[in-house]
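Here are the chains, one letter per residue:
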Amino acid sequence: MAQEHRTMICITCPRGCTLDVTVEGKTVVKVAGNNCQRGVDYAMAEVTDPRRMVTTTVRVKGGVHPLVPVYTEKPIPKPQIFALLAEARKVELTAPVKFGDIVMENVLGTGINVLASRNIPLKSKAP
Amino acid sequence: MLKQKYDVIVVGAGPAGLAAAIGAKKTGAQDVLVIERAQELGGILQQCIHNGFGLETFKKDLPGPAYAQRFIDELTSLHIDTLLDAMVLDVTSERHVSATSQWSGYVELDARALVLAMGCRERTRAQIALPGTRPAGVYTAGTAQRFVNMEGFMPGKQYVILGSGDIGMIMARRLTFEGAKVERVLEIMPFLTGLTRNYVQCLQDFDIPLQLEHTVKRIIGNERVEAIESVQVDDHRQPIPGTEEVIPCDTLLLSIGLIPENELSRKAGVALDPVTGGPFVDERMQTNVPGIFAAGNVVHVYDLVDWVTEAGLLCGRSAAQHAIAERKHAGRRVRMKGGDNVRYVVPHVLDKESLAESRQRLQMRVTTPIEAPVWVEVMNGDERIVRKADLYARPGEMVSIDIPQSAYDAVQRASELTVRVVRR
Ligand SMILES: Cc1cc2nc3c(=O)[nH]c(=O)nc-3n(C[C@H](O)[C@H](O)[C@H](O)COP(=O)(O)OP(=O)(O)OC[C@H]3O[C@@H](n4cnc5c(N)ncnc54)[C@H](O)[C@@H]3O)c2cc1C
Ligand code: SF4
């Protein structure tokens, strides 16, 4: 099968290595330019099943802020990002929220949970 | 309850301040106070809801607030005092701190060591002299970030972002997530100013166009931004005529750099490096003013929070060491006071250990003349440490007396010594 060269930038760490990836169909046959093994893993995933961490906010009632930031505990498939965001928009929590609370379980059937990034204490009047 | 004097006071509760407070407490500072202008701890991290924090410190890819939460929890478990919603107004080179807050009102506090961790602020339109009208709809990227991520308010629907710094690129993605259209990111330099990974995961992933060597020539719109006119620039960053393009948008975000926040540092007499915009510091993060330390974006603008934490911890340890030395030294110091007929004594304080080295001379002036033989006496309360005879005492003639090395033990018991000149 014909080989194809793809240039991509590894986003696993702030170093941002430029990878020269040789692909045959959907198979990675060679990765160059990476500074560590994670670069190879990234290239493989990028060719077969690209994923991204997603962070957004969901509404919360009665807390010190009207929103709580949330994140996917693991990267989710890239094509599902906007579907996940639409789901997140439907959620409304009630304070208090604890850091690490599961906000959406097994989101879109990915097997991945969406977690609260911080505590949102109850809004109180006195200090 | 606030104390009057702390071993270490930290100004600012971002990652630098949090780490400094933790570092100071763990090194043995007895009481540590963190003063923060916002209503909560965490600093800028609370609005940086994106991931990418803590890859070095925790080997994990955490959102900003989650990274901050770990340090907030540690701070709480170490019983470090905090004063929130409190603005530090002034600090002196003697580490006297004035602050005002809704809860405590105006307070004045003292610190044996002070840590400056005020972070930085964003460059605004005024600092780049952007021509055109002054309609609503021009924000710094960080302000927009706060609106969208913490207050739940979208400043517009259609955006142009000036500057390819990390905050701008991260906001481009964030606004896209919230249903807005980001028309363009413009960068005047021929290269990206933020991290390449942010170009990939914030712009490329969502087909947001980036134009290098382009800038905003003019803002169009009266009440509200209606469009901007972009232009290409040459190697000398001068606009190339004929390359203008009108890009319709209702909001322009500026992501054009950060400046260390050093109003307070200046007031304390801290010398600033014109290149970084932050204080000159030594390897312990001490500024030119002894006992005043600095860490984080207030020193120079970081791109990785892990390094900010590292600098904060180091700074906190140094501050604690300074406070502990100061405290120890304070126990070794005896105040010298003028007693009967003595107007003043120099030196004003004496290090008790100095007597281990040599005798110590005290000099003074009397208040009223005594034309008769006198005793010059150094007293610890009722206990006489040493005395000497003089034939008379006159205000115009300085009197002196030596504390001999043999008085070492007696002086150790004192916290204050009085000198008097009395008739024999
Ligand atoms: C928008 C943005 C996005 C970033 N994204 C990333 C990223 O993706 N990954 C990464 O690793 N790093 C990122 N960084 C960098 C990192 O977050 C910062 O370098 C770090 O937060 C700086 O910490 P700091 O403690 O020095 O300052 P800050 O977090 O700014 O904290 C300073 C604190 O001091 C307080 N303060 C100031 N003046 C006073 C006063 N007079 N009285 C009382 N309190 C006062 C402020 O309210 C603030 O809370 C980002 C930075 C910014 C600005
Ligand atoms: S290859 Fe390794 S070092 Fe390079 S960006 Fe990826 S994770 Fe970082």
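Residues numbered from 1 in each chain as written. Chains lettered and ligands numbered in written order. Predicted model: local features only at pLDDT ≥ 70, side-chain atom pairs only at ≥ 80, totals over all residues. Heavy atoms only, no water.

Undergrad: Whenever I open this one, helix H6 (residues 196-203) of chain B confuses me. Can you help?
TA: An α-helical turn contains 3.6 residues, so a residue and the one three or four places further along point in the same direction. Most of H6 of chain B is tucked away, with 6 of its 8 residues classed as buried. Among the residues making up H6 of chain B, those that are buried are Arg197, Asn198, Val200, Gln201, Cys202 and Leu203 of chain B. Tucked inside the fold, the buried residues of H6 of chain B contact strand E1 (3-9), helix H1 (37-48) and strand E4 (51-52) of chain A together with helix H5 (166-177), strand E10 (181-187) and strand E11 (210-212) of chain B. (Buried < 20%, exposed > 50% of the residue type's maximum accessible area, 1.4 Å probe, protein only. Helix = DSSP H or I, 4+ residues; strand = E, 2+ residues; numbered from the N terminus. Contact = heavy atoms within 4.5 Å.)

Undergrad: Would you mind going over the pattern of salt bridges with me for this structure?
TA: Taken as a whole, this structure holds 33 salt bridges over all chains when the rule is applied. In this structure, Arg118 of chain A engages Glu40 of chain B in a salt bridge whose closest nitrogen and oxygen atoms are separated by 2.6 Å. Taken together, the residues span two chains, with Arg118 of chain A in the segment after strand E10 (114-116) and Glu40 of chain B in the loop between strand E2 (32-35) and helix H2 (64-77). Owing to a relative accessible area of 16%, Glu40 of chain B belongs among the buried residues under this scheme. For Glu74 of chain B, the salt bridge goes to Lys26 of chain B, with nearest N and O atoms at 2.6 Å. Note that Glu74 of chain B is positioned in helix H2 and Lys26 of chain B in helix H1 (residues 15-27), a separation of 48 residues in sequence. (Salt bridge = Lys/Arg side-chain N within 4 Å of Asp/Glu carboxyl O.)

Undergrad: Any chance you could explain the state of the cysteines here in plain terms?
TA: Note on terminology: disulfide describes a covalent bond linking the sulfur atoms of two cysteines. Residues and elements named next belong to chain B. Using the criterion set out here, one finds 0 disulfides over all chains in the structure. With no disulfide of its own, Cys120 lies 10 Å from the sulfur of Cys48, the closest cysteine sulfur. By relative accessible area, which is 23% here, Cys120 ends up partly exposed. (Disulfide = S-S within 2.5 Å.)

Undergrad: For this particular structure, what's the right way to read the site of ligand 2?
TA: In the neighbourhood of ligand 2, the contacting residues comprise Cys10, Thr12, Cys13, Arg15, Gly16, Cys17, Asn34, Asn35, Cys36, Arg38 and Gly39 of chain A. Its residues assigned to classes, the shell around ligand 2 comprises 4 nonpolar, 5 polar and 2 charged. (Near = heavy atom within 4 Å. Nonpolar A, V, L, I, M, F, W, Y, C, P; charged D, E, K, R; others polar.)

Undergrad: Help me understand unusual backbone geometry, please; the structure alone is not making it clear to me.
TA: Peptide bonds are, in most cases, trans, and in most cases residues other than glycine have a negative phi. Note the cis peptide between Ala95 of chain A and Pro96 of chain A, where omega equals 0°. Of note, the bond from Val346 of chain B into Pro347 of chain B is cis; its omega dihedral lies within 30 degrees of zero at 5°. Assignment of secondary structure puts Pro347 of chain B in the loop between strand E19 (342-346) and strand E20 (349-351). Of note in this structure, Asp207 of chain B is not a glycine but carries a positive phi near 50°. Note on placement: Asp207 of chain B falls in the loop between H6 and E11. You will see that Arg237 of chain B, though not glycine, has its phi angle at about 60°, which is positive. Within the secondary structure, Arg237 of chain B is located in the loop between strand E13 (227-232) and strand E14 (245-248).

Undergrad: What exactly am I supposed to notice about the sheet that holds E10 of chain A here?
TA: Backbone-to-backbone hydrogen bonds pair the strands of a sheet. The strands run either parallel or antiparallel. Residues and elements named next belong to chain A. The sheet built from 5 strands is open, its strands ordered E8-E5-E6-E10-E9 with mixed pairing. Each edge of the open sheet carries a strand with a single partner, namely strand E8 (92-94) and strand E9 (102-104). Looking at each pair of strands side by side, their axes are set apart by 45° on average, direction ignored. With 5 bridges joining them, strand E5 (residues 55-61) and strand E6 (residues 67-72) adopt antiparallel strand pairing. (Pairing = 2+ DSSP bridges. Axes fitted to C-alpha atoms, helices over the stretch in contact; angles between N-to-C directions.)

Undergrad: How do you make sense of the domain arrangement of chain A when you look at a structure like this?
TA: Domain annotation of chain A identifies domain 1 (3-48) and domain 2 (55-116). A straight line from the C-alpha centre of domain 1 of chain A to that of domain 2 of chain A covers 30 Å. (Domains from an automatic or database assignment.)

Undergrad: Got a minute to help me understand the side chain of His50 of chain B in this structure?
TA: Considering the arrangement of structural elements, one finds His50 of chain B in the loop between E2 and H2. Filtering out sequence-adjacent residues up to four positions away, His50 of chain B remains in contact with Thr55 of chain A together with Leu62, Pro63, Gly64, Gln145, Ile170 and Arg173 of chain B.

Undergrad: Just checking my understanding: could you explain the pairing of strand E24 (residues 399-403) of chain B for this structure?
TA: A regular strand places its side chains on the two faces of the sheet in alternate fashion. Residues and elements named next belong to chain B. Where burial is concerned, the two faces of E24 differ: the one with Val399, Ile401 and Ile403 is buried and the one with Ser400 and Asp402 is not. Of the strand pairs in this sheet, strand E21 (residues 360-366) and E24 are connected by 5 bridges, and their pairing is antiparallel. Counted as the bridge partner of Gln363 is Ser400 from E24.

Undergrad: For this particular structure, what's the right way to read the site of ligand 1?
TA: Residues and elements named next belong to chain B. Every one of the 32 residues lining ligand 1 counts as a neighbour, but Ala16, Glu36, His50, Asn297 and Val305 are closest to it. A distance of 3.0 Å is found between an oxygen atom of ligand 1 and a backbone nitrogen or oxygen belonging to Ile44. One nitrogen or oxygen atom from the main chain of Ala117 is found 3.5 Å from an oxygen atom belonging to ligand 1. Expressed as a share of its isolated accessible area of 990 Å², the protein-covered part of ligand 1 is 93%. Among the secondary structure elements, those contributing two or more residues to the shell around ligand 1 are H1, strand E4 (86-91) and helix H8 (305-331). A per-class count over the shell around ligand 1 returns 20 nonpolar, 9 polar and 3 charged. (Polar contact = N/O pair within 3.5 Å; in protein donor to acceptor, adjacent residues only side chain to side chain. Areas by Shrake-Rupley, 256 points an atom, 1.4 Å probe, with all protein chains shown as cover.)

Undergrad: When you look at the packing of H5 of chain B against H6 of chain B in this model, what are you seeing that I'm missing?
TA: Residue and element names in this part refer to chain B. Between H5 and H6, the least distance of the axes is 8 Å, while the angle of their chain directions is 15°. Relative to H6, the element H5 is oriented roughly parallel. The two elements H5 and H6 meet at a crossing, and its hand is left-handed. Note on element contacts: H6 touches H5 through Asn198, Tyr199, Gln201, Cys202 and Leu203, opposite Asp166, Met169, Ile170, Ala172 and Arg173. Looking at side-chain class alone, the contact of H5 with H6 contains 6 nonpolar, 2 polar and 2 charged residues. (Parallel < 35°, antiparallel > 145°, perpendicular 65-115°, else oblique. Left-handed = near helix turned anticlockwise from the far one by under 90°.)

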